[in-house]
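As a plain string of letters, each chain reads:
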Amino acid sequence: MDTKCIFCKIINGDIPAKIIYEDDQIMAFHDNAPQAPVHFLVIPKKHVSTLNDLTEDDKALAGHILFTAQRLALELGCEEGFRVVMNCNPLGGQTVYHIHMHVLGQRQMHWPPG
Ligand code: AMP
């Protein structure tokens, strides 16, 4: 827990979020500035600042995040396709320094993302 981290505050229940799923390791909630009709975030409950801070010990956690993203995308009606994104550090476009997997769906995506 990082007391200054906005996502740790959501996990702790200190600020509200539209939670979709939660277990002892991870949480998923709707992004509050959605960039698609479906846009949610899957995060670990333990504070990890960036993808570069994940270690070999986090392999199962990373897989759990990915498969939960897939399951929830399908449950939320994204069976025609969806995108997952993890931004890392300033050049990667990261703004919240608690790792999160974006899941976006129900609109046409384009490549490159810009
Ligand atoms: P990133 O730029 O990859 O770090 O993405 C951070 C995401 O977190 C953005 O899409 C924000 O809209 C989202 N976000 C920030 N604060 C909140 C919040 N309190 N509840 C839900 N989503 C948030």
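The structure presented is a predicted model; accordingly, all values stated were derived computationally and were not measured.

Right, let's get into the UniProt feature "active site" (unreviewed entry) in the chain. This chain's UniProt record puts "active site" (unreviewed entry) on His100. Within the fold, His100 resides in the loop between helix 3 (89-92) and strand 5 (101-105). Setting aside its immediate chain neighbours within four residues, His100 contacts Phe7, Leu41, Val42, Ile43, Val85 and Met86.

Let us now look at the site of the ligand. Surveying the vicinity of the ligand reveals 16 residues, the closest of which are Asp31, Asn87, Thr95, Val96 and His102. Here an oxygen atom of the ligand and a side-chain polar atom of Asn87 are 2.8 Å apart. For the ligand, whose free accessible area comes to 500 Å², the fraction covered by protein is 84%. Taking a 2 Å distance to the grid points as the criterion, the majority of the atoms of the ligand fall inside the largest pocket. For the shell around the ligand, the secondary structure elements donating two or more residues are helix 1 (6-12) and strand 2 (26-30). If you tally residues by element for the shell around the ligand, the top one is helix 1, at three residues. A class-by-class count of the residues in the shell around the ligand yields seven nonpolar, eight polar and one charged.

Procedures and definitions
Residues numbered from 1 in each chain as written. Predicted model: local features only at pLDDT ≥ 70, side-chain atom pairs only at ≥ 80, totals over all residues. Heavy atoms only, no water. UniProt positions renumbered as here; feature names shortened; annotations may be inferred. Helix = DSSP H or I, 4+ residues; strand = E, 2+ residues; numbered from the N terminus. Contact = heavy atoms within 4.5 Å. Near = heavy atom within 4 Å. Polar contact = N/O pair within 3.5 Å; in protein donor to acceptor, adjacent residues only side chain to side chain. Areas by Shrake-Rupley, 256 points an atom, 1.4 Å probe, with all protein chains shown as cover. 1 Å grid on protein atoms, 1.4 Å probe; cavity = no way out; pocket = protein on both sides within 12 Å on 5 of 7 lines; lining within 4 Å. Sits in = over half its atoms within 2 Å of the grid points. Nonpolar A, V, L, I, M, F, W, Y, C, P; charged D, E, K, R; others polar.

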